Amino acid sequence: MLSDADLLRSPLSDLTALARVVRDGAHGRRVTFSPKVFIPLTMLCRDRCGYCTFAKAPARLESPYLTPEEVLAVARAGQEAGCHEALFTLGERPELRYPVAAEWLAAHGYGSTVEYLAAMCRLVVEETGLLPHANAGALFAEELAVLRPVTASQGMMLESLAEGLAAHRGAPDKEPARRLATLEAAGELAIPFTTGILVGIGDTRTDQLATLRAIAASHVRHGHVQEVIVQNFLPKRGTAMAKAAPCPADDLVWAIAVARLVLPAEVHLQAPPNLSDDLAPLLEAGIDDWGGVSPVTADHVNPERAWPALEVLREATEAAGHTLAPRLTLYPSFALDPARWLDEAMRFPVLDASDAEGLARDAVWCSGGEEAPPALLDGPVPVRVPAAGGATAGGAVGEVLAGVALGQEVGIAEIVTLFGARGSDVRRVAEVADDLRSRIAGDAVTYVHNRNINYTNVCTFKCRFCAFSKGPLSLNLRGAPYLLELDEITRRVVEAEAEGATEVCLQGGIHPNFDGDYYLHVLEAVREASTTIHIHAFTALEVTEGARRSEVPLAEYLTRLRDAGLKTLPGTAAEILDDEVRAVLCPDKISTDEWLEAHRTAHAVGLRSNVTIMFGSVEQPVSWARHIVATRALQRETGGFTEFVPLPFVHMATPIYLQRRARRGPTFREALLMHAVGRIAYAGYIDNIQVSWVKMGAEGSRQVLRAGVNDLGGTLMDENISRAAGARHGQRMGVEDLEAIVAPLGRPLVQRSTLYAQAGASASA
Ligand code: SF4
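This write-up is about the structure you can find in this document. The model shown is predicted, which means the values in this text are computed figures rather than measured ones. (Residues numbered from 1 in each chain as written. Predicted model: local features only at pLDDT ≥ 70, side-chain atom pairs only at ≥ 80, totals over all residues. Heavy atoms only, no water.)

## Quick look at the overall build of the protein chain
Now for step 1: When helices and strands are tallied, the protein chain shows 29 helices and 19 strands.
Now for step 2: Since a compact globule built from 765 residues should have a radius of gyration of about 27 Å, the 29 Å found for the protein chain is in line with a globular shape.
Now for step 3: A principal-axis box enclosing the C-alpha atoms of the protein chain has dimensions of 90 × 60 × 45 Å.
Now for step 4: A burial count over the protein chain gives 60% of its 765 residues as buried.
Now for step 5: Here the contacts in the protein chain between residues at least 6 apart in sequence split such that 78% fall between residues at least 24 apart.
Now for step 6: In the structure as shown, the protein chain presents an accessible area of about 27500 Å², 53% of it carried by carbon and sulfur atoms.
Now for step 7: If you average the places of the 72 positive and of the 94 negative side-chain charges in the protein chain, the two averages end up 2 Å apart. (Helix = DSSP H or I, 4+ residues; strand = E, 2+ residues; numbered from the N terminus. Rg over C-alpha atoms; globule rule 2.2 N^0.38 Å. Buried < 20%, exposed > 50% of the residue type's maximum accessible area, 1.4 Å probe, protein only. Contact = heavy atoms within 4.5 Å. Areas by Shrake-Rupley, 256 points an atom, 1.4 Å probe, with all protein chains shown as cover. Lys, Arg positive; Asp, Glu negative; His and termini not counted. Charge placed at Lys NZ, Arg CZ, Asp CG, Glu CD.)

So this is what it looks like as C-alpha cells:
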C-alpha cells in the first residue's frame, strides 16, 4: 500500500501505469456502463452548493415534484430504449426549506421527500421492471432502510471531506460527518452503494486522499461500496462558482489513478464520459466503468454536456483494447449474492434483468420468443491496438483464442473466459469456431427428417424448469395429462415414415405406472410400423428408471433395449451437469455422475448418444464449463457422442420462472457463444454442433450457423416440450423452411441420417 507521501510525490505516469495493473488484475479488460434514465423527482433542494445548476427555486418550476404519471412516462421511455436503471436524482430535503414542497407532499399524502421517493421507486419497478437507484443525498439510517425494499442500489457523492469549502457554504447536507454517517449506515444496512469525489472544488490532493481513504475504510468494514465516481468540476453559468477554473485534466487523471490505488481493488471506478472531451486518458488512469449513459434523458446535473452515443463509447473503449458491457445499477458481485445485498422484494426484478454473469441483459430477445435477435456477427472486427501499459492486445479472450490457434485444449478457466466475450470479441470467438466448423464438418448444413413422439406428459419427477410434465404436484400450466396408446405410437411412426422421416425421437415423462418393460413395448410398437426407421429414444433418466424398475443392471437393460431396436439415446435430462445447479433445478433427478454413467454404459453396449445442455435459468458460466469438460472427458473415453446440442432455457411457462426464481433464459449473446464455445471446446472430440431452431428461431439459427454450427437438427413433427414452456417457433419445419434459413449463407443443405451419413443415407443408419 502506497503512503500518501508516495502518492503525492510519484510522477503521474507511474501512478497511472500502476493503476492500470491493479484495474486489469481485478476487472480484466471489461469496461461497463449502465443504460439508464434519469428521473429528476424534485429539483428543489435545501442546500446551496456553489457549483450546482440542478437545484432551482420554486418559481422556476411548474411543480415542486414530478407526478407519478411523469415519472412513469420517463421510465417507460427508458424501458422501450432498453434501459435497466431508473436513476432518481433529487435535491436534499426541500420540504425543510420551501413551504410549497411541504404543502405538495402533504396534499399528496406523503410526509417527506424520501417517502414520496420510495413510492415512486416502487411504482417504477412494478410497472416497468427498471431497477431504481436512489440518489437522495445524506440520509439517516431509517430513510435508507425505507428505500432498500424498492431499490437495487443507492448512492451519495461524498464529494470532499475537507471542512469549510466555499463550494459547500450554505449546504448543511454537505457537512462531512453527515455524509460519512450516511455511507456508514448504508454499509450497516447492506445496501450496494455508489459514492464518489468531486475534483476541483477547492480541496487539496491531500484532502482528496483523505476522502478516498475514508471510503476505503468504510468499504473494508462493510463491503458495500460498489463503485466510486471520480467527477471533475466544471463551472456553470449562473452559479456562484461560474468564474472558477474547471478541474484541470491532469488533476482528474491523478485523482482517478490514486483512487484506484487507495481503494480496495474490487471497488469499481467510474468517470462520467460526458464531462471529458478525451476518453482515452480516463481509461489509462484506471477506470473500469463509464457510469450511467442514457439514450433517453439528459444529464440533469450537467445539462450542457450531452451523453456520448453508445457507439462512440464503444469505439473509444475498444480502441484502447477493452470491451464494453452493459451492467445493472448494482454490480455483478452484488447481483449474484442477493441474499446478502437485496431485499426479498428486489431479488426477482434484479434476476429478471440479469444475464448469467450478473450483468445486464443486452437485448429483449429470449429463447423461444418472437423478438428478433440482435445482429452480433455483422460489422468488421476492429484491429486491436496493444493496450496502454503493454497488456496483451485482445485481452483474455484474445489470449485464449491464440492458444486455440496453437492447438491448445481449453479448460474450465479458458471456457469461462470465452463465455465472457462481448462486442467484437464475440465476433472473434465466432470466427474461430466457424473456421473449426469448416475444417471439421465442411460447409454442408445437415438436418435429419424426423418426428417427435412424446408418449406421455405425466411425470413423477418435479423438475422446476419443466412446463411439460403434469403430475399431482406440478403446476398444471398447459394442456391436460395424457398417455399415448401403443397403437397410436405405431400409427404415428407409419405416418412419419410415409412422409419421409428416417428417425423417430421418443421421450416423455416418467409415468408412475411404467415398469421397465414399458420402454420395450414402445420399441415393439415402433418396429411394428417400421423395421428400418432409426429409433432415437429414452433419456438417461428414462433408461436409469427402466433398469431400476426392472431390477436389472443398467448394462443389461440397455442391451435389451438395443436388441429391441433402440439405436441412439438423446442427451436430454443432462440439463446442467453440475450438481450444485441440479440441486436447484431438478433435485430429485439423476445426478451428474448418473447421467454420465448412463451414457458411458450405453456407449459400451453399442448405443450412441448426444450431449445436450439446457442453459440460462439459474446457473453461471462456470457451470457451463464444467458440463462441457465432463462430457468431453467421457467422449475421450468412449467416442460415443454424435453431437452437441445447446438447448437455451425457454422460460415463459416454466414453474421456476413463474415462481420468480429464474432468469428469462440466456441472452442471445450467451446462446450464440454456447454454440461457438462448444465447437471450440469439443474440437477433435465431437464433430457436430447442432442448433435447436425451436428455441433459437430462424434468424437466430442463421447466426449460429456462422458461429460453429453445422447441423439444424430435425424437422420435428410434433415438438411439444419447448412449446409447453412457451416457445413460439412452431411444431415442425419443412425442408423449404430449412432452405430459407440456410440459403443466405451460401452453404448447401443436406439431409443426413441420425448418425450423420449424408445424402442417400440408409434409414436405419
Ligand atoms: S424434465 Fe422430464 S423428468 Fe423432469 S419433470 Fe419434466 S418430464 Fe419429468
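## Topic: the sheet that holds strand E14 (residues 566-569)
Now for step 1: What the seven strands build is an open sheet, ordered E11-E12-E13-E14-E15-E16-E17; its pairing is parallel. If you trace the sheet from one side to the other, it starts and ends with strand E11 (450-453) and strand E17 (688-689), each paired once.
Now for step 2: Sheet analysis places E11 next to strand E12 (residues 503-506), joined by four bridges and oriented parallel. Across the sheet, residue Arg451 finds its bridge partner in E12, namely Val504. (Pairing = 2+ DSSP bridges.)

## Re the packing of helix H26 (residues 668-682) against helix H27 (residues 693-704)
Now for step 1: At a minimum axis distance of 10 Å, the contact between H26 and H27 shows a crossing angle of 50°. When the interaxial angle is binned, H26 and H27 end up oblique. In this structure, H26 crosses over H27, and the sense of that crossing is right-handed. Judged by residue contacts, Phe668, Ala671, Leu672 and His675 of H26 engage Met696, Gly700, Gln703 and Val704 from H27.
Now for step 2: Broken down by class, the residue content of the contact of H26 with H27 amounts to five nonpolar, three polar and no charged. (Axes fitted to C-alpha atoms, helices over the stretch in contact; angles between N-to-C directions. Parallel < 35°, antiparallel > 145°, perpendicular 65-115°, else oblique. Left-handed = near helix turned anticlockwise from the far one by under 90°. Nonpolar A, V, L, I, M, F, W, Y, C, P; charged D, E, K, R; others polar.)

## What about the packing of aromatic side chains?
Now for step 1: All told, the structure shown has 18 aromatic pairs when counted by the stated rule.
Now for step 2: Between the aromatic rings of Tyr65 and Tyr116, the centroid separation amounts to 5.7 Å while the plane-to-plane angle is 90°, which identifies the pairing as edge-to-face. In this pair, Tyr65 is assigned in the loop between strand E1 (30-42) and helix H3 (68-80) and Tyr116 in helix H5 (residues 113-128), connecting sequence segments 51 residues apart.
Now for step 3: The class of Tyr116 is buried, set by a relative accessible area of 1%.
Now for step 4: Aromatic pair Tyr455 and Phe514: ring centres 6.3 Å apart, planes at 50°, arrangement tilted. (Phe/Tyr/Trp six-rings, centres within 6.5 Å; stacked < 30°, edge-to-face > 60°.)

## What to know about unusual backbone geometry
Now for step 1: Non-glycine residue Arg93 carries a positive phi angle of around 40°.
Now for step 2: One can find Arg93 in the loop between strand E2 (85-90) and helix H4 (99-107).
Now for step 3: The phi dihedral of Ala573 is positive, around 85°, even though this residue is not glycine.
Now for step 4: Relative to the assigned elements, Ala573 resides in the loop between E14 and helix H22 (579-585).

## Some details on the nonpolar core
Now for step 1: Among the nonpolar cores identified, the biggest contains 122 residues, and Val429, Ile489, Leu506, Phe538, Leu561 and Leu712 are the most heavily contacted of them.
Now for step 2: Looking at which element gives the most residues to this core, the answer is H26, with 10 residues.
Now for step 3: Setting aside anything within four residues of it in sequence, one finds Ile489 in contact with Ile453, Tyr455, Leu484, Leu506, Tyr518, Val522, Ala525 and Val526.
Now for step 4: Among the nonpolar cores identified, the runner-up in size contains 85 residues, and Phe33, Phe38, Val114 and Val228 belong to it. (Core = buried A, V, L, I, M, F, W, Y, C linked by side-chain atoms within 4.5 Å.)

## Concerning a negative patch on the surface
Now for step 1: On the surface, Glu485, Asp487, Asp515, Asp517, Glu524 and Glu528 cluster together into a patch of negative charge.
Now for step 2: Take the negative patch: its biggest share by element is three residues, from helix H19 (residues 516-529).
Now for step 3: Mapped onto the elements, Glu485 comes out in the loop between E11 and helix H18 (486-498).
Now for step 4: For Glu485, a relative accessible area of 60% translates into the label exposed. (Patch = residues over 30% accessible without salt bridge, like charges linked within 9 Å, V, L, I, M, F, W, Y side chains within 5 Å. Salt bridge = Lys/Arg side-chain N within 4 Å of Asp/Glu carboxyl O.)

## Focus on the environment of Arg527
Now for step 1: In this fold, Arg527 is placed in helix H19.
Now for step 2: Counting along the chain gives 59 residues from Arg527 to Cys586, while the straight-line C-alpha distance between them is 33 Å.
Now for step 3: Ignoring sequence-local partners within four residues, the contact set of Arg527 consists of Thr532, Ile533, Ile535, Ala564, Gly565 and Lys567.
Now for step 4: Among the polar contacts made by the side chain of Arg527, one reaches the main-chain carbonyl oxygen of Ile533 at a distance of 3.0 Å. (Polar contact = N/O pair within 3.5 Å; in protein donor to acceptor, adjacent residues only side chain to side chain.)

## A short note on the pairing of strand E10 (residues 445-448)
Now for step 1: Neither face of E10 is exposed, since Val445 and Tyr447 on one face and Thr446 and Val448 on the opposite face are all buried.
Now for step 2: Pairing analysis gives three bridges linking E10 to strand E19 (residues 749-751), with the strands arranged parallel. From the neighbouring strand, Thr446 faces E19, where its bridge partner is Val750.
Now for step 3: Pairing between E10 and strand E18 (residues 711-714): two bridges, direction parallel. Bridge pairing in E18 places Thr446 opposite Asp711.

## Points about the pattern of salt bridges
Now for step 1: Per the stated rule, a full pass over the model turns up 48 salt bridges.
Now for step 2: Note that Arg205 is salt-bridged to Asp251, the shortest N-O span being 3.0 Å. Here Arg205, found in helix H8 (residues 205-222), pairs with Asp251, found in helix H9 (residues 249-262); they are 46 residues apart in sequence, far enough to count as distant.
Now for step 3: For Asp251, a relative accessible area of 28% translates into the label partly exposed.
Now for step 4: Ionic pairing is found between Asp425 and Arg428, a salt bridge with its closest N-O pair at 3.3 Å. On the criterion of helical spacing, the pair formed by Asp425 and Arg428 is a turn pair, its members being three residues apart in helix H17 (residues 424-441). With respect to burial, Asp425 and Arg428 carry one shared label: buried.
Now for step 5: Each of Arg30, Asp355, Glu357, Asp362, Arg422, Arg669 and Glu670 takes part in one network of salt bridges that share partners.

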